[in-house]
Structures are given as C-alpha cells and as structure tokens.
Amino acid sequence: MSTLTLRTTLAALLATGLLTALAASPAAAQSHESHEMHSRTMDGHRTLEVRARGKVEFTDDDRDVRRISPGGHLVIEEHLRGSSARRVEFTPGPDGGVRRVYRVNGETRGFDPGARLWLARILPETVRETGVGARERVARILAREGVPGVLEEISRIRSDGVQRVYFAALLDHSSLRPDDVARVLRQAGRQIGSDGDRASLLRRAALRGDLENDAVRRAFFDAVGTIGSDGDRASVLRRVLERERASEALRTALLRSAAEIGSDGDKSSVLVQAARRYPLSASATRAAFFESVGTIGSDGDHARVLKEVLRGGALTREVAVAVLRSARGIGSDGDKTAVLLHLPVDRLRDRVVADAYRDTAESIGSDGNRARALSFLSRTARGVAPRRQRI
C-alpha cells in the first residue's frame, strides 16, 4: 500500500527535533512550547490528520494523554472513505488534568468505551509516526524493554525524519554500552532511507568518545558507507575531523572512507582538512592518506591536496617522498610542476628527497615546465637560493 505524507513547515520543525526535544529539560520545554505541527497521512481508504501545539505528555502505554501545557492542544482526526469520521481534541483541563472532546461525523459524543477503544488504537500510531514526545517515549521504552525494545519500535516508523529523532534520542542516553551504540548505528545505516537524515544522525555521533571503540568505529563507518550523496558523506567525515583527538585507527578509518567519495571536489575538501589536522608521520595514517589521494581523478584537486601537505610545518623525509611519488600520478604538467615548486628548499638538501624530486620532475612532458623544475633542484644543490616561479 502506498503512503503519501504531507507536512507543513511547522511539522518539519517537529521532524528535526524541535518539538520532540521538549523532555530534555524544563528550560527546553519552556522555549519550545510555542511551536506547532500539522501532519496529514493518506493511505488509500483513510486520511489521518494530526495537529499539535505546545508540550504533550502521554501515558506509559501511549493510549491516552496525561498532560498538555497551558495554551496547548492535540487534535486527531480519522476519516474513513465511505464510512465514519472521528475526531478527538485534547486541551488543558482544570487542576492540571486533560479535557477531551470526542466527535463522530461532526456530532459530539461522550467519551464512552467505544471512544476509548478507538483512541487506544489510533494514539500509539499517532505518537509513533509524528514523533511527538519522542524523547520521553524512548526513555520509557528503554527503561521497560531495553535497547532492543526501542530499536523494534523504530523499525515500525515510516518517516526517515522521525526515525532520526528516535535514533538520536536513544544515542543520547548515557546508559548505552559500546555494543549497544554499535547496534544502534548499524540499524540506522540500514533503516534510514534519506541521505540527509542519515548524515545528520552520523554528524551527531561523530564526536562521541566511544567512537574509539573498535565495534562502534566499524559500525559508524559502515553506516557512513551507506550514504550515497558525496556531499553528505563528506560532511560527516569533516565533522569527525573536528575531534580534538583521534587515534591512528580512527584516522585510518576516516581516510579510507574518504577514498570512497566519488566527487573529487568533496574528496579533496576532506583530505585538505585532514592534512591540516593530522600529522602524517605515523605509517598507517600516511599510507591511508596517500592511497586516498591517489583516487582523485582531477589533477587540480590532486595538486591542491599535495600542496596543502607541503605547507605543513613538520614535513618529514617520509612525507616529502610520499608527496613527490603521488605527484607523478598528476597528468597535467602545470599542476605537477606547481607541486614540485612548493617543496620547501631545505627538504631538497636530503639526498633521498632530492632523488624522488628528480624522478618526478623527469616525468613532466613539457620541456619548459621540466626545465623549470630541474633548475629549482640544481640551484638548491649548488647552494643558490632558487627563485620560486608561478605556474
């Protein structure tokens, strides 16, 4: 059965967590109580419409409303084609209670057992598919059924945006063990269909301390690998690069993931940031970095990354040689020469680096560019300060 869901702009605020975060703290609840949402779902014979304003709290079994903030409301309408139309409106009642008005085909009815039976059927679906009170609901299910119970509930949600809100609420719980976090990330990678929502969740998880755990790290980068959009994948990797510290295992995993980005521009933007953040002195990190650089098809982007490495302050012999060898793979004579002329002069006094430089310079097809590159080397060898030339 095909399902079409239409949401207003305010409903989009809900999906991004502005309304669902109400349970986070009293201050957060107060600041978000003015938000509203409107959701309409049509699935063939039925239309379900939900409107909400303010903070709505549900009973533990999600079959009734426990409390509504002052000035708030929750309205649920179900229209069955060729049959009945039911509507219930919840508003704040006296003494902190809840007032209910129930209508069938426009006629007000008492809130009798039939009404309660209908509400018990319709309200859990409403809560699940709109994300209202998601954080409180995740906390209740987690306390009652543990992580498997929350993941089972998320598997029933159809909206990618609401799934993301539930996954985020679950990951925010400090009681989760690394194996739990890995399980959550694996399911999120499989279940969330939208690249944008998947990337948003992973950017949130990118700064977690337990990303250094082997199981969590593997699950995280497996989920990154399911993102089809190059821009979204790059945005997640750039967030990982914002971490204050990263082990060699985490650096290597990130650089290998960057190699799988299809867009040269997005890939090079990640590698340029990595060159600024990561020392390439460690052999595993260095190998992963230059393997990723070697997958860049654009000569300009390839050269841009290598020049960024050469600008680094701690340019060891191993890194300088790796740059020069990588530069041999650049097809453009101009870009290749530009990389060579960016090499710090003092590095050319190292015989191993000078030999690697000469090998790369001799691979330049253009006589003029090759002569300029070799001249730069020979003047350095004679102790004459070479004059840098723009290419």
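The rules behind each value
- Each chain has its residues counted from 1, running along the sequence as written.
- Residue-level local features of this predicted model are given only where pLDDT is at least 70; pairs of side-chain atoms are given and counted only at 80 or more, and the full residue set underlies all totals for whole chains, interfaces and linings.
- Based on all heavy atoms of the structure, the side-chain values leave hydrogens and waters out of the count.
- A 1.4 Å probe that fits into a set of points on a 1 Å grid over the protein atoms alone but cannot get out defines a cavity; an open set with protein on both sides within 12 Å along at least five of seven lines defines a pocket, and lining residues are those with an atom within 4 Å of a point.
- Grid points are joined across faces, edges and corners, and a volume is the space filled by probe spheres set on the points.
- Put simply, DSSP H or I for four residues or longer makes a helix, DSSP E for two residues or longer makes a strand, and each gets a number counted from the N terminus.
- Three classes are used: nonpolar for Ala, Val, Leu, Ile, Met, Phe, Trp, Tyr, Cys and Pro, charged for Asp, Glu, Lys and Arg, and polar for all others, with Gly counted as polar.
- The rule is simple: take the accessible area with a 1.4 Å probe, protein chains only, and divide by the maximum for that residue type; under 20% is buried, over 50% is exposed, in between is partly exposed.
- Note: the arc covers the axis-to-C-beta directions of the helix.
- The definition of a polar contact used here is a pair of N or O atoms within 3.5 Å, where within protein one atom must be able to donate a hydrogen and the other to accept one, and adjacent residues in sequence count solely through side-chain atom pairs.
- Contacts are assigned to residue pairs that have any heavy atoms within 4.5 Å of one another.
- Expected helix span is given by 1.5 Å per residue-to-residue step, counting one fewer step than there are residues.
- Exposure above 30% relative accessible area and the lack of any salt bridge qualify a residue for a patch; like charges then connect within 9 Å, and the nonpolar side chains Val, Leu, Ile, Met, Phe, Trp and Tyr within 5 Å.
- Note that accessible areas follow from Shrake-Rupley with a 1.4 Å probe, and for residues the cover is restricted to the protein chains shown.
- Salt bridges are defined as contacts in which a side-chain nitrogen from Lys or Arg sits within 4 Å of a carboxyl oxygen from Asp or Glu.
- None of His or the chain ends enter the tally, which takes Lys and Arg as positive and Asp and Glu as negative.
- Charged groups are reduced to one reference atom each: NZ for lysine, CZ for arginine, CG for aspartic acid, CD for glutamic acid.
- Note on method: axes are straight lines fitted to C-alpha atoms, helices fitted across the in-contact stretch only, with angles between N-to-C directions ranging 0 to 180 degrees.
- Any angle between 65 and 115 degrees counts as roughly perpendicular, while under 35 counts as roughly parallel, over 145 as roughly antiparallel, and the rest as oblique.

Caption draft 1: Representation of empty space enclosed by the protein in the model. Counted under the stated rule, the structure contains three cavities of 30 Å³ or more. Along the walls of the largest cavity sit ten residues, with Ser39, Thr41, Leu48, Glu129 and Thr130 positioned nearest its centre. Going through the elements one at a time, strand 2 (36-42), strand 3 (46-53) and helix 3 (113-130) are the ones with two or more residues in the lining of the largest cavity. A class-by-class count of the residues in the lining of the largest cavity yields two nonpolar, four polar and four charged.

Caption draft 2: Local environment of helix 16 (residues 351-361). Where helix 16 is concerned, the buried positions are Val353, Ala354, Ala356, Tyr357, Thr360 and Ala361. Across the axial projection of helix 16, the buried residues extend over an arc of 165 degrees, all falling on one side. You can read the cap of helix 16 off the contacts: a side-chain oxygen lies 2.9 Å from the backbone nitrogen of Val352, and it is on Asp350.

Caption draft 3: Up close: the side chain of His73. Tracing the backbone through its elements, the reader meets His73 in strand 6 (residues 73-80). When residues no more than four places from it in sequence are discounted, the contact partners of His73 are Arg51, Ala52, Arg53, Val56, Ile68, Phe90 and Thr91.

Caption draft 4: Structural detail: helix 5 (residues 160-171). Taking 1.5 Å of rise per residue, the twelve residues of helix 5 would be expected to cover 16 Å, and the 16 Å separating its terminal C-alpha atoms lies within 8% of that figure. Where burial is concerned, most of helix 5 is hidden: eleven out of the twelve residues are buried. Every buried residue of helix 5 is accounted for by Gly161, Val162, Gln163, Arg164, Val165, Tyr166, Phe167, Ala168, Ala169, Leu170 and Leu171.

Caption draft 5: A positive patch on the surface, seen in detail. A surface patch of positive charge is lined by Arg183, Arg186, Arg190 and Arg218. Residue position: Arg186 is located in helix 6 (residues 178-191). Classification of Arg186 by relative accessible area gives partly exposed; the value is 40%.

Caption draft 6: Focus on the packing of helix 6 against helix 8 (residues 214-224). Interhelical geometry of helix 6 versus helix 8 gives an angle of 10 degrees and a closest axis separation of 8 Å. The orientation of helix 6 relative to helix 8 falls into the category roughly parallel. Along its contact with helix 6, which presents Pro178, Asp179, Val181, Ala182, Leu185, Arg186 and Gly189, the element helix 8 presents Ala215, Val216, Ala219, Phe220 and Ala223. Looking at side-chain class alone, the contact of helix 6 with helix 8 contains nine nonpolar, one polar and two charged residues.

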